[in-house]
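Observations on the model geometry
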Amino acid sequence: MDYSKLQKLLGASAESLLQHTCKTVTKDQIHHPGPDWVDRIFGISDRNVRVLRSLQTLFGQGRLANTGYLSLLPVDQGIEHTAGASFAPNPEYFDSENIVRLAIEGGCNGVASTLGVLGSVARKYAHKIPFVLKINHNELLTYPNIHDQTLFATVKQAYDMGCVAVGATIYFGSPESRRQITEISHAFAHAHDLGMATILWCYLRNAAFKTADKDYHEAADLTGQANHLGVTVGADIIKQKLPTCNGGFKALKFGKFSDKMYTSLCSDHPIDLARYQVLNNYMGRMGLINSGGPSGKNDLEEAAMTAVINKRAGGIGLISGRKAFQKPMKEGVELLHTIQDVYLCKEIKLA
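Keep in mind it's a predicted model, so treat the numbers as computed, not measured.

What follows is about unusual backbone geometry. Excluding glycine, residues mostly carry a negative phi; peptide bonds, for their part, are mostly trans. Omega for the peptide link from Y143 to P144 comes to -10°, which places this bond in the cis form. Tracing the backbone through its elements, the reader meets P144 in the loop between β4 (136-137) and β5 (150-151). The phi dihedral of K253 falls on the positive side, at around 55°, and the residue is not glycine. By the secondary structure assignment, K253 is in the loop between α12 (248-252) and α13 (270-280).

Here it is, written out as structure tokens:
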């Protein structure tokens, strides 16, 4: 995809997103993604040689191989959102093999999914595309529904099926978050011992974060702090929703904040909001991947916009699932390629 096509996809937002310069946290202050990412970022860390090899395997796969950027396909919605609701738009993805096929044909760096999905086809595909085993989930069959992350798999099971990484979610802000932090901290330490990388879904979950006026679950200040907690428990890569607002701490009147968080460290521009998330990842030392969000009518445009924001903010990629698998495979591949083309486009630089 050339630059002019991308401009067309972005429509009225093109100039704002493509010409913006971050004047809060500047590009010179953050760690830049690049081909030497694993050596430069993790070579001085406590990660062992096997973890470095796993990270390099992940960064060395697919259309974005050796660029320092990632395009991942996550499919755990069969548990998180019920299989029927998730796969009704395209029933072929009830078959676990098609999930892995989409990741391969879509040129992804890796596929992140459940123990059941990856385990069912591991001998055929674990050596062809990097596997990321998501070890915990929020299931919706408990009645009434609860919102908690439950371990469905062990780190050893991920290792035995040849995974290069494990993934997990912590619902920061929830009553159960302290238990989840302890569980995942131990799991990530075990994964590193066995030579696997770690990816943390740093999501917020608390009814109090949604007011009559605004939903602060995607506020830059709250998600940024969730990211900072995530890198503290040993996550190599942070998955976070793209921020849509700010001022959660101020509006909800809890925690601690400085007015500089909303002035000298951030503005209301989408790229500055995402830059604040990068800032909380040790100035981008631990990579930020943003989620693709739910599928809808303008998936291609929204995916391109999210990729531009992430890349220009200093993130290292996108992890997009529903937008890709809730449509025919050919269209899903096209969407994944569109995301990747943003990261391959040399005209799109750090803001």
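Right, let's get into empty space enclosed by the protein. The full count for this structure, using the stated rule, is one cavity of 30 Å³ or more. Estimated volume of the largest cavity: approximately 30 Å³. Lining the largest cavity are G34, P35, W37, V38, Q56, F59, N66, T67 and G68. Secondary structure elements with two or more residues in the lining of the largest cavity: α3 (37-42) and α4 (49-59). Of the residues in the lining of the largest cavity, the class split is four nonpolar, five polar and no charged.

Turning our eyes to something else, we now look at the environment of L6. Among the secondary structure elements, L6 is positioned in helix α1 (residues 3-10). Given the relative accessible area of 1%, L6 is considered buried. Remark: the alpha-carbon pair of L6 and T244, spanning 238 residues in sequence, is separated by 22 Å. Residues contacting L6, with those up to four places away along its chain left out, are M1, L18, A304, V308, V342 and I348.

For strand β7 (residues 197-204), the tally of buried residues reaches eight of eight residues, placing the bulk of the element in the interior. Here β7 shows no split at all, with A197, I199, W201 and Y203 on one side and T198, L200, C202 and L204 on the other all buried. Examined bridge by bridge, strand β6 (residues 165-172) and β7 share eight bridges and lie parallel to one another. Each residue of the ladder has a partner; that of A165, found in β7, is A197. Handedness of the crossover joining β6 and β7 through helix α10 (residues 177-193) is recorded here as right-handed. As judged from the three bridges shared by β7 and strand β8 (residues 237-240), these two strands associate in the parallel manner.

What follows deals with the environment of S185. Considering the arrangement of structural elements, one finds S185 in helix α10. Along the backbone, S185 and L335 are 150 residues apart, and their C-alpha atoms lie at a distance of 34 Å.

Okay, the nonpolar core next. Across soluble globular proteins, you tend to see nonpolar side chains buried next to one another. Grouped together as the largest cluster of nonpolar side chains are 115 residues, with contacts concentrated most on L73, L102, F131 and L200. In this view, L73 contacts I99, L102, A103, C108, G110, V111, A112, S320, G321 and A324; residues no more than four positions away in its chain are not counted.

Here the focus is the sheet that holds β8. Pairing is parallel in the closed barrel, where eight strands are placed in the order β1-β2-β3-β6-β7-β8-β9-β10. Strand-to-strand twist of the sheet, defined as the mean angle between neighbouring strand axes without regard to direction, takes the value 25°. Each of β6 and β7 is contacted by α10, which is oriented at about 165° to β6, the strand it contacts most.

The calculated volume of the largest pocket comes to roughly 570 Å³. Along the walls of the largest pocket sit 29 residues, with H81, Y203, K241, S291 and R322 positioned nearest its centre. For the lining of the largest pocket, the residue count by class is eight nonpolar, 13 polar and eight charged.

Restricting attention to buried positions, one finds in helix α7 (residues 96-105) the residues S96, N98, I99, V100, L102 and A103. Lining the buried residues of α7 we find β1 (70-75), β2 (110-113), α8 (115-125), β3 (131-134), α15 (322-325) and α16 (329-344). For α7, the N-terminal capping position is held by D95, with its side-chain oxygen 3.0 Å away from the main-chain nitrogen of E97. In the stretch just after α7, G107 is the one whose phi turns positive, near 70°.

Attention now moves to the packing of aromatic side chains. Here the structure, examined in full by the defined rule, presents seven aromatic pairs. With a centroid separation of 5.3 Å and 70° between ring planes, the pair formed by F87 and F94 is classed as edge-to-face. Among the residues examined, F87 registers a relative accessible area of 7% and is labelled buried. Linked through ring pairs, F87, Y93, F94 and F325 together constitute an aromatic cluster. Above the face of the W201 ring, K134 is positioned so that its terminal group lies 5.1 Å from the ring centre.

What counts, and where the lines are drawn
Residue numbering note: each chain is counted from 1, following its sequence as written. Only residues with pLDDT of at least 70 are given local features in this predicted model, and only at 80 or more are side-chain atom pairs given and counted; all residues enter the totals for whole chains, interfaces and linings. Excluded from the side-chain calculations are hydrogens and water; all other atoms, namely the structure's heavy atoms, are used. What counts as a helix is a DSSP run of H or I of at least four residues, what counts as a strand is a run of E of at least two, and both are numbered from the N terminus. We place a 1 Å grid over just the protein atoms. Points where a 1.4 Å probe fits but has no way out form a cavity, open points with protein on both sides within 12 Å along at least 5 of 7 lines form a pocket, and any residue with an atom within 4 Å of a point lines it. Grid points are joined across faces, edges and corners, and a volume is the space filled by probe spheres set on the points. Residues are grouped as follows: Ala, Val, Leu, Ile, Met, Phe, Trp, Tyr, Cys and Pro are nonpolar; Asp, Glu, Lys and Arg are charged; all remaining types, including Gly, are polar. Between buried and exposed lies partly exposed: a residue is buried under 20% and exposed over 50% of the maximum accessible area for its type, with that area taken using a 1.4 Å probe on protein chains only. The contact rule is simple, with two residues in contact once any of their heavy atoms fall within 4.5 Å. At least two bridges found by DSSP between two strands are what make those strands a pair. The handedness rule is simple: strands pointing away from the viewer, and a clockwise path from the first strand over the helix to the second, make the crossover right-handed. We call a set of buried Ala, Val, Leu, Ile, Met, Phe, Trp, Tyr and Cys residues a nonpolar core when their side-chain atoms join them within 4.5 Å. Whenever a helix is involved, its axis is fitted only over the stretch in contact; in every case the axis is a line through C-alpha atoms, and angles between N-to-C directions fall within 0 to 180 degrees. Counting of polar contacts relies on pairs of N or O atoms within 3.5 Å, with two restrictions inside protein: one atom must be capable of donating a hydrogen and the other of accepting it, and residues adjacent in sequence are counted only when both atoms are side-chain atoms. Between rings of Phe, Tyr and Trp, where Trp is taken as its six-membered ring, a pair exists when centres lie within 6.5 Å; planes separated by under 30 degrees are stacked, by over 60 edge-to-face, and by other angles tilted. Charge-over-ring placement is defined geometrically: NZ (Lys) or CZ (Arg) within 6 Å of the ring centre, and within 35 degrees of the ring normal.

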